[in-house]
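Chain and residue survey
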Amino acid sequence: MIELLSKRRSIRKFTSQAVSDEHLEKLLAAALLAPSSKDTRPVELVAVRDKGMIAALAACRDSGTMPLHTAALVLAVTADTGKADVWVENASIAAILVQLEAENLGLGSTWVQMRLRTNGEKSAEAEVRKTLGIPENFGVMCLLAIGHKDEVKQPRQLDAADWTRTHNERF
Ligand SMILES: Cc1cc2nc3c(=O)[nH]c(=O)nc-3n(C[C@H](O)[C@H](O)[C@H](O)COP(=O)(O)O)c2cc1C
């Protein structure tokens, strides 16, 4: 597990190779298996492979969307805000599990934030909702850009400074 966590890096450049149906199913399964508060399971995902639609999603936010430009697959991570007051936590957990399964399958991914982000004066989250027909009562946490890696990143290494963020018994 620690090796997988070290190897997972944000990949922002992908080849043109498609993500197979078999891999897509595993990525979605990772999200569906995520724990959720009171087992409310509020997270729902939209898988987008259509290039025109992916371009429309990239246009929903004014910055930080570079990974979407070459992604073969985008997963919109949403959650029913009426089902769980802590939908943000639930959606975040599902999103990172998808990213870890992507790494496990040899794919690359990047989390592209939409919640609390903007498109000029507009809310990026609302723009994504409109683009994908997501109901108003669903929050949009992020778009996961996924594909076959077209850049190499070194695994993360822990150094001594990282351990100063951990505390024993008291802060
Ligand atoms: C909550 C969250 C929001 C992020 N938003 C974006 C984003 O909008 N665009 C992007 O390219 N990367 C985004 N990232 C990726 C981070 O920039 C990246 O995880 C960080 O630089 C560490 O690099 P690593 O993932 O390779 O370890 C986001 C990551 C998280 C956890």
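My aim in this report is to walk through the structure given alongside it, one point at a time. (Residues numbered from 1 in each chain as written. Predicted model: local features only at pLDDT ≥ 70, side-chain atom pairs only at ≥ 80, totals over all residues. Heavy atoms only, no water.)

Some words on the side chain of Thr110
Here is the rule: Helix and strand definitions follow DSSP, with helices as H or I runs of at least four residues and strands as E runs of at least two, each counted in order from the N terminus. Polar contacts, as counted here, are pairs of nitrogen or oxygen atoms within 3.5 Å of one another; within protein the pair requires one atom able to donate a hydrogen and one able to accept it, and residues that are adjacent in sequence qualify only if both atoms are side-chain atoms. Contact criterion: two residues are considered in contact whenever any of their non-hydrogen atoms come within 4.5 Å of each other.
The topology assignment puts Thr110 in strand 3 (residues 108-113). A polar contact of 2.7 Å, which involves the side chain of Thr110, links it to the backbone oxygen of Ile11. Ignoring any residue separated from it by four or fewer positions in sequence, one finds Thr110 in contact with Ser10, Ile11, Arg12, Pro67, Gln99, Leu143, Leu144 and Ala145.

Some words on the nonpolar core
In summary, soluble globular proteins display a tendency toward joint burial of nonpolar side chains. Just so we agree on the cut-off: Side-chain atoms within 4.5 Å are what join buried Ala, Val, Leu, Ile, Met, Phe, Trp, Tyr and Cys residues into a set we call a nonpolar core. Three exposure classes are used, based on accessible area relative to the maximum for each residue type with a 1.4 Å probe and protein chains only: buried under 20%, partly exposed in between, and exposed over 50%.
With 23 residues, the main nonpolar core has Leu27, Leu75, Leu144 and Ile146 as its most contacted residues. Those elements giving two or more residues to this core turn out to be helix 2 (21-32), strand 2 (73-80), helix 4 (87-104) and strand 6 (138-147). For this core, the element with the most residues is helix 4, which contributes six residues.

Observations regarding helix 5 (residues 124-132)
Buried within helix 5 are the following residues: Ala124, Glu125, Glu127, Val128, Arg129 and Leu132. One side-chain oxygen at the N-terminal end of helix 5 lies 3.3 Å from the backbone nitrogen of Glu125; it belongs to Ser123. Looking one or two places after helix 5, you find Gly133, whose phi comes out positive at around 70 degrees.

Examining a nonpolar patch on the surface
The condition that has to hold: Excluding any residue in a salt bridge, patches collect residues exceeding 30% relative accessible area, merging like charges within 9 Å and nonpolar Val, Leu, Ile, Met, Phe, Trp and Tyr side chains within 5 Å. The method behind every accessible area is Shrake-Rupley, applied with a 1.4 Å probe, and residues are considered shielded solely by the protein chains displayed. Salt bridge criterion: a side-chain nitrogen from Lys or Arg within 4 Å of a carboxyl oxygen from Asp or Glu.
A surface patch of nonpolar side chains, amounting to about 350 Å² of accessible area, comprises Met1, Ile2 and Leu5. In this structure, Ile2 sits in helix 1 (residues 2-7).

A short note on the side chain of Asn90
Tracing the backbone shows Asn90 in helix 4. In this structure Asn90 comes out as buried when scored by relative accessible area, which is 3%.

Here's the deal with the packing of helix 3 (residues 51-58) against helix 5
The angle between the axes and the distance between the axes are what describe a pair of packed helices. Keep this limit in mind: Only C-alpha atoms enter the line fits that serve as axes; for helices the fit covers just the stretch in contact. Angles between N-to-C directions range over 0 to 180 degrees. The cut-offs work like this: below 35 degrees is roughly parallel, past 145 is roughly antiparallel, 65 to 115 is roughly perpendicular, and the gaps in between are oblique. Left-handed describes a crossing in which the near helix is turned anticlockwise from the far one by less than a right angle; the clockwise case is right-handed. Under the scheme applied, nonpolar residues are Ala, Val, Leu, Ile, Met, Phe, Trp, Tyr, Cys and Pro; charged residues are Asp, Glu, Lys and Arg; polar residues are all the others, including Gly.
Two elements in contact, helix 3 and helix 5, have axes separated by 9 Å at closest approach and are oriented at 160 degrees. By the angle between their axes, helix 3 is roughly antiparallel relative to helix 5. The element helix 3 and its partner helix 5 pack so that their crossing is right-handed. Residue-level inspection shows Met53, Ala56 and Leu57 of helix 3 in contact with helix 5, the latter providing Val128, Thr131 and Leu132. Split into classes, the residues belonging to the contact of helix 3 with helix 5 amount to five nonpolar, one polar and no charged.

Considerations on helix 4
Quick note on the threshold: In this analysis, the expected span of each helix is defined as 1.5 Å times one less than the number of residues it contains.
Under the 1.5 Å per step criterion, the end-to-end length of helix 4 is 26 Å for 18 residues, consistent within 8% with the ideal 26 Å. Trp87, Asn90, Ala91, Ala94, Ala95, Val98, Gln99, Leu100, Glu101, Ala102 and Glu103 are the residues of helix 4 that are buried.

Description of the site of the ligand
Selection criterion: A cutoff of 4 Å decides nearness: a residue is near a molecule or strand if any of its heavy atoms lies inside that distance of it.
The ligand sits among Arg8, Arg9, Ser10, Arg12, Arg61, Gly64, Pro67, Thr110, Trp111, Val112, Gln113 and Arg156. Between Ser10 and the ligand, the recorded distance is 2.6 Å, taken from a side-chain N or O atom to an oxygen atom. Note that an oxygen atom of the ligand is positioned 2.6 Å from one of the side-chain N or O atoms of Arg61. About the coverage of the ligand: the protein hides 62% of its 620 Å² of free accessible area.

Some remarks on the sheet that holds strand 6
Definition in use: Only strands that DSSP links by at least two bridges are regarded as paired with each other.
Spatial strand order, 1-2-6-3: four strands in an open sheet with antiparallel pairing. Each edge of the sheet is formed by a strand with only one pairing partner; in this case those strands are strand 1 (43-48) and strand 3. Between one strand axis and the next, the sheet turns through 25 degrees on average, direction left out of account. Where strand 2 meets strand 6, eight bridges bridge the pair, whose relative direction is antiparallel. For Thr78, the partnering residue across the bridge sits in strand 6 and is Val140.

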